[in-house]
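# Geometric and topological summary
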Amino acid sequence: MQRHHIAQRAGPIALGVLAVLLVAAILLAILTGKYPVTPSDILAVIAARITGSASGVAPTIETVIWNVRLPRVGAGILVGASLAAAGAVYQGLFRNPLVSPDILGVSAGASFGAVVGIFLSLSVLAIQGLAFAGGLAAVALVYAIGSIVRERDPILVLVLAGVAIGALLGACVSLLKVLADPYNQLPAITFWLLGSLASINRADLWSILPAVIVALVPMVLLRWRMNLMTLDDEEARALGVETRGIRVVIVAAATLMTAAAVSISGIVGWIGLLVPHVARMFVGPDFSRLLPASMLIGAAYMVGVDTLARSIAAIEVPLGILTAAIGAPFFLYLLLTTRRGNDASGNQPRIRLWPHQSRPGRHAVG
């Protein structure tokens with residue numbers, strides 16, 4: 001409890017530190033690359049674009065900053081913040097610290113849509129549109145199944161339906177990979193499924209920004225009710241929360257945000273699972289602070305990983321490989337350090353994730 005109160009008091013300071021961290025990650029990403037760029041070059045190019053005057057920077061450097069690195073950094077911010085926000089929402093709604101944005105089949109649906117587009121040799125815009133539509137359609141199907149099965153726990157039904165639909169769509173993706181041209185289509189499918197921001201441009205950012213903003217609005221407006229949604233449905237309804245309606249709205253918002261993100265980045269794992277845990281370490285479980293903290297950390301993490309992906313080797317490393325290589329060991333570290341934090345009485349270790357976690361063993365991990 002004392003730790004929770006400390007996190008509450010330190011919340012604004014922690015958010016400020018995280019914002020500074022994000023700015024540092026953005027600056028490092030723009031400065032890093034084959035072509036040397038200085039901070040003065042960045043300021044000159046941005047000022048020239050705003051005022052319409054000449055920047056005084058070499059045309060090659062100006063093109064690199066404005067057309068390559070800034071769009072890529074912007075995509076990293078949007079994708080990382082979206083996946084982290086969706087992860088925080090899903091973990092709260094499903095009262096499970098191991099839930100990630102693909103729990104309802106979002107990633108599987110987006111994968112299937114994109115693979116169909118690549119298999120049919122469609123344009124990049126069409127592939128992104130199919131990925132977006134596939135993610136939304138998968139969750140709509142999961143929710144339709146959940147609405148049919150009414151006599152069981154609605155959360156359990158949604159999770160199990162999401163697992164089943166995800167497995168089915170994964171099998172469809174595997175079938176298309178077998179049927180695809182091994183010289184052209186198969187490499188493109190594999191690369192997309194591993195995640196990358198290499199081909200991002202400004203048009204891609206504008207295409208997903210409205211969806212991200214629309215999805216963020218209900219998350220912000222319902223941030224106080226999200227704390228009550230971590231209770232059992234009966235307790236939340238007793239406190240005046242209409243759990244079914246709020247769950248539909250929030251899941252739709254998180255799904256929209258996730259589908260928009262993966263439509264331009266491909267499948268990037270671990271961000272939605274890991275980042276909310278780290279955010280709770282900084283600001284505690286209160287959703288009004290957890291949401292912005294998760295978005296700041298997710299954005300900084302994604303920008304940093306993307307910078308690493310294009311810097312550590314002669315060829316670009318797919319983002320999915322790096323996020324898994326970094327995320328899995330760190331997640332295990334969190335579990336191990338939590339276990340070491342047992343009290344002297346030998347009680348089972350718990351990770352306090354929810355603001356209303358009061359009864360022993362409730363929503364526990366370990």
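This one's a predicted model, so the numbers in the text were calculated from it and none came from an experiment. Each residue is numbered by its place in its chain's sequence as written, counting from 1. At least 70 in pLDDT is required for a residue's local features to be given in this predicted model, at least 80 for side-chain atom pairs to be given and counted, and no such filter applies to totals for whole chains, interfaces and linings, which use all residues. As a rule here, side-chain values cover all heavy atoms of the structure and leave hydrogens and water aside.

### Comments concerning the environment of Pro12
The following threshold applies: Only DSSP runs of H or I reaching four residues or more are called helices, and only runs of E reaching two or more are called strands; each is numbered from the N terminus. Relative accessibility under 20% of the residue-type maximum defines a buried residue, over 50% an exposed one, and the middle range a partly exposed one, all with a 1.4 Å probe and only protein chains included.
Turning to its location among the elements, Pro12 is positioned in helix 2 (residues 11-31). Since its relative accessible area comes to 58%, Pro12 is described here as exposed.

### Here's the deal with a nonpolar patch on the surface
Filter applied, for reference: Within the patch definition used here, like charges are joined within 9 Å and nonpolar side chains (Val, Leu, Ile, Met, Phe, Trp, Tyr) within 5 Å, considering only residues with over 30% relative accessible area and no salt bridge. Here, Shrake-Rupley sampling with a 1.4 Å probe gives the accessible areas, and only protein chains in the shown set may cover a residue. The salt bridge criterion pairs a side-chain nitrogen of Lys or Arg with a carboxyl oxygen of Asp or Glu, the two atoms within 4 Å.
Residues Leu175, Val178 and Leu179 make up a contiguous nonpolar surface patch of about 320 Å² in total accessible area. You can see Leu175 is positioned in helix 7 (residues 154-179).

### Re the nonpolar core
Nonpolar side chains in soluble globular proteins tend to end up buried together. Note the cut-off: In this description, a nonpolar core means a group of buried Ala, Val, Leu, Ile, Met, Phe, Trp, Tyr and Cys residues linked to one another through side-chain atoms lying within 4.5 Å. Contacts are residue-level and defined by heavy atoms, with any inter-residue pair within 4.5 Å sufficient.
One finds Tyr90, Leu93, Phe94, Leu104, Met219 and Ile271 to be the most contacted residues of the largest nonpolar core, which totals 106 residues. In contact with Met219, not counting residues within four places along its chain, are Ala85, Val89, Ile250, Ala253, Ala254, Met257, Phe287 and Leu291.

### Quick look at unusual backbone geometry
At Ser121, a position not held by glycine, the phi torsion is positive, near 60 degrees. Positive phi outside glycine occurs at Trp270, with the angle close to 75 degrees. Of note, Trp270 is situated in the loop between helix 12 (243-265) and helix 13 (271-283). Note on Trp270: relative accessible area 29%, which makes it partly exposed.

Worth remembering: the numbers are spatial, not functional.
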